[in-house]
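Next come the chains, spelled out residue by residue.
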Amino acid sequence: MVIMAASTSSLTFQPILERIAEEIERTPGRGRPADYIPALAACDPRAFGMAVAELDGTVYGVGDWREPFSTQSITKVFTLALGLAREGDELWEHVGREPSGNPFNSLIQLEYESGIPRNPFINAGALVVTDRLQTRTGDAAGELLSFLRAESGNPTLDFDKDVAASETAHGDRNAALAHFMASYGNIDNPVPALLDQYFRQCSIKASCADLALATSFLARHGVRADGTRLLTRSEAKQINAVMLTCGTYDAAGDFAYRVGLPGKSGVGGGIIAVVPGRCTLCVWSPGLDERGNSVTGVAALDRFTTLTGLSVF
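Residues numbered from 1 in each chain as written. Predicted model: local features only at pLDDT ≥ 70, side-chain atom pairs only at ≥ 80, totals over all residues. Heavy atoms only, no water.

Enquirer: What is the right way to look at the overall build of the protein in this model?
Expert: Helix and strand counts for the protein stand at 14 helices and seven strands. In terms of C-alpha radius of gyration, the protein reaches 18 Å, essentially the compact-globule figure of 20 Å for 313 residues. For the C-alpha atoms alone, the extent of the protein along its principal axes is close to 60 × 40 × 35 Å. Across the 313 residues in the protein, those meeting the buried criterion constitute 58%. Excluding contacts between residues fewer than 6 apart, the proportion of contacts in the protein whose partners are at least 24 apart in sequence is 69%. By element, 50% of the accessible surface of the protein is carried by carbon and sulfur atoms, the whole surface being about 12200 Å². (Helix = DSSP H or I, 4+ residues; strand = E, 2+ residues; numbered from the N terminus. Rg over C-alpha atoms; globule rule 2.2 N^0.38 Å. Buried < 20%, exposed > 50% of the residue type's maximum accessible area, 1.4 Å probe, protein only. Contact = heavy atoms within 4.5 Å. Areas by Shrake-Rupley, 256 points an atom, 1.4 Å probe, with all protein chains shown as cover.)

Put into structure tokens, the structure is as follows:
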């Protein structure tokens, strides 16, 4: 079966996803799960799911697309959106918008830049965003979970207590990042309380279908599933731009080159991606490359944009 790139008005996503799944099944070498988080180490690196959500809520999927997995850093997109909706440009006084060029849990740049993280998608930046959302809501993780349940239409989404406990037990680097930023006055809440919120946030389990739907507000330029506006069109553009330049750790340039879409990965093996004005995607496969991105997930998104011609470029 050969599928040629088609006009956006005539695309049928299901056969394209099935074509990708067939190709993935024949692919050897899918990376290794995140073994530094013990609760994730046992995941099967050959598991694979992929979903596409259209703006009207129609969802297509293949493989393990309804299997819940640990969202991890994917949640940073949603806390950023919730934070930006509450405080607007003031948020950017506390976290930058530039690629880091260093691992996602690096301490090095913070000292040179006086406790201001490079972007909201490295761990230090995400801690700042969660801290500010915590100050404004009193329960940042709970606010995030409510948002994801509403946007996905799945009221059963929840935290994974085992994953949160595993991250807490192995969270010394994140604690160091938070304490270091607190020493510069860039953290408001007590560090133990902030870390509890952050680890709960990262532990949320959701499927590809859930996350594709939950991300759709970014393809709708800031409009939620119920038709209300969360973000201005400009703010939605800002988040998509930062996803493109910073969303896949220090492999963002390669991701933009291969995929050509705003995206955000997590070490649970998931990646979300946005085609503004058209659709959103989520792909999951737990085997990671050395930079923390799903090997199969990136390959699948690469094939999707090649087969469909959908890209921001």
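Additional details are given in the paragraphs that follow.
Enquirer: Where do I start with helix α6 (residues 140-152) in this structure?
Expert: It helps to recall that an α-helix has 3.6 residues per turn; residues three or four apart then point in one direction. Counted at 1.5 Å a residue, the expected span for α6 with its 13 residues is 18 Å, and the 18 Å between its end C-alpha atoms agrees. Within the span of α6, buried status applies to A140, A141, G142, L144, L145, F147, L148, E151 and S152. Buried residues in α6 make contact with α3 (75-87), α5 (123-137), α9 (191-203), α10 (208-214) and α11 (216-219). Of the residues trailing α6, G153 is marked for its positive phi of about 75°. (Expected span 1.5 Å × (residues − 1).)

Enquirer: In this structure, what is going on with the sheet that holds strand β7 (residues 279-284)? I would like to understand it.
Expert: The strands that make up a sheet pair up through hydrogen bonds in the backbone, lying either parallel or antiparallel. Strand order across the open sheet formed by five strands is β2-β1-β7-β6-β5, with antiparallel pairing between neighbours. Where the open sheet ends on each side, the last strands, each with one partner, are β2 (59-63) and β5 (263-265). Strand-to-strand twist of the sheet, defined as the mean angle between neighbouring strand axes without regard to direction, takes the value 10°. Note that strand β6 (residues 270-275) and β7 share six bridges and pair antiparallel. By the bridge assignment, V274 is partnered in β7 with T280. (Pairing = 2+ DSSP bridges. Axes fitted to C-alpha atoms, helices over the stretch in contact; angles between N-to-C directions.)

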